[in-house]
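Chain and residue survey
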Amino acid sequence: MRDISVGYGPVRALRRVSLDLPEGTVVAVLGGNGAGKSTLLRAVSRTLSFQGGALTSGSVHFGGRRIDGLAADRVVAAGISQVPEGRQIFARMTVTDNLRAGALGATGSRAAKADALRRVHDLFPVLADRGAQRAGLLSGGEQQMLAVGRALMASPRLLLLDEPSLGLAPLMAARIADTIREINAQGTSVLLVEQNAALALRLATTAYVLDVGEVALSGPADELAASDEVRRRYLGVVDEDAAADATRGTGAPPTLRRWEADR
Ligand SMILES: Nc1ncnc2c1ncn2[C@@H]1O[C@H](COP(=O)(O)OP(=O)(O)OP(=O)(O)O)[C@@H](O)[C@H]1O
Ligand SMILES: [Mg+2]
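This structure is a prediction, so every number in the text was calculated from the model and none was measured. (Residues numbered from 1 in each chain as written. Chains lettered and ligands numbered in written order. Predicted model: local features only at pLDDT ≥ 70, side-chain atom pairs only at ≥ 80, totals over all residues.)

Moving on, we come to helix H6 (residues 140–152). Given a rise of 1.5 Å per residue, 13 residues ought to cover 18 Å, and the 18 Å separating the end C-alpha atoms of H6 matches this to within 8%. Of all 13 residues making up H6, eleven are buried, and the element is well covered by its neighbours. For H6, every residue scored as buried is listed here: Glu142, Gln143, Gln144, Met145, Leu146, Ala147, Val148, Gly149, Arg150, Ala151 and Leu152. On its buried side, H6 packs onto strand E7 (80–83), helix H3 (95–103), helix H4 (110–123), helix H5 (125–129), strand E8 (158–162) and helix H7 (170–185). (Helix = DSSP H or I, 4+ residues; strand = E, 2+ residues; numbered from the N terminus. Expected span 1.5 Å × (residues − 1). Buried ≥ 20, exposed ≤ 12 C-beta atoms within 10 Å, placed from the backbone. Contact = placed C-beta atoms within 7 Å.)

Below, the structure is given as structure tokens:
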């Protein structure tokens, strides 16, 4: 995406955001509440208008094709599926019908959709075991699996994930993380929005940090995770030496050697 700006009426949510996602990689988008993470995903999936938002500048290309003029269902057909914030499963429908809904609008044949269902059941056996139950009866973690499984039913080349670990116990969050790694290993690119920076940086190749609608930092995830300043500012890690230096006033101001603010 290049120079994307988004507004919800008078609210400016993103300002000239550019982001690259090399095919086959996991890219993480980090940032606090209201930074614009969900907005960024909606700009890709073309679901902004459902939320009263609109793109005011910029362009989005996917696989060499410009997609920022498409309707949301055409974006799915083009190979991009989103797992929305808060999961948004259909609570009164069965687990299996939720999964079937994810294949609506996808371009594949019936055989391809059957393959997709097998793949989802392999990843999440619980969704096969509980297939006939109402989705609202699943636990929070199982509902997150269902939301991911539903998105995979369209056999996307790119999966957009909005805070998949939110509200999950550490063990369940770790399981979801393992699954994201596996989905990526099977060939699907992932754009991962997370407030859990530690989890996201373990999964991602590249990361972007959003701060009030702008890209504050970007670069390789391992360098971001290792950078003292990033560890303090975004990972909540207290560096005692640096803190002591700062109190004594002797330390140099924290700088990022290979990390530079975009502007
Ligand atoms: N539907 C909407 N109408 C008006 N303003 C909105 C709407 N959705 C988001 N915003 C505003 O846009 C900005 C970015 O919101 P967004 O939901 O993208 O942030 P976020 O990084 O996903 O936050 P969170 O971590 O809380 O999910 C915020 O100022 C928010 O209040
Ligand atoms: Mg959000």
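Read on for the rest.
Let's shift gears to the environment of threonine 188. With respect to the helices and strands, the residue threonine 188 is situated in the loop between H7 and strand E9 (189–194). Accessibility expressed as a C-beta count within 10 Å gives 20 for threonine 188, which makes it buried. Along the backbone, threonine 188 and leucine 158 are 30 residues apart, and their C-alpha atoms lie at a distance of 5.6 Å.

Further remarks concern the sheet that holds strand E1 (residues 2–8). Taking strand neighbours across the sheet as the criterion, the three strands line up as E2-E1-E4 in an open arrangement whose pairing is antiparallel. Single-partner strands in this sheet number two, and they are strand E2 (11–17) and strand E4 (53–59). Direction aside, neighbouring strands of the sheet carry axes that sit 10° apart on average. Where E1 meets E4, five bridges bridge the pair, whose relative direction is antiparallel. Note that in E4 the partner of serine 5 across the bridge is serine 57. Packed onto the sheet, helix H1 (residues 37–45) meets E1, E2 and E4 and runs at close to 70° relative to E2. (Pairing = 2+ DSSP bridges. Axes fitted to C-alpha atoms, helices over the stretch in contact; angles between N-to-C directions.)

Moving on: the sheet that holds strand E3 (residues 26–30). Read from one edge of the open sheet, six strands run E7-E8-E9-E3-E10-E11, paired in mixed fashion. Sheet topology places E7 and strand E11 (214–220) at the edges, where each strand pairs with a single neighbour. Going across the sheet, the axis of each strand differs from the next one's by a mean of 15°, ignoring polarity. The sheet strands contacting H1 are E3, E7, E8, E9 and strand E10 (206–211), and the helix crosses E8 at an angle near 150°. In the packing of H6 onto the sheet, the strands contacted are E7 and E8, and the crossing angle to E7 comes to about 165°.

Around ligand 1, 16 residues are found, and the nearest of them are Tyr8, Ala13, Lys37, Ser38 and Thr39. Listed by contribution, the elements that provide at least two residues to the shell around ligand 1 are E2 and H1. Counting residues per element, the shell around ligand 1 draws most heavily on H1, which supplies three residues. A per-class count over the shell around ligand 1 returns four nonpolar, ten polar and two charged. (Near = placed C-beta within 6 Å. Nonpolar A, V, L, I, M, F, W, Y, C, P; charged D, E, K, R; others polar.)

Glancing now at the environment of leucine 48. Locating leucine 48 in the fold gives a position in the loop between H1 and E4. Each C-alpha atom, one on leucine 48 and one on glycine 7, is 9.2 Å from the other, the two residues being 41 residues apart in sequence. Excluding anything up to four places from it in sequence, leucine 48 contacts Val6, Arg42, Ala43, Gly53, Ala54 and Leu55.

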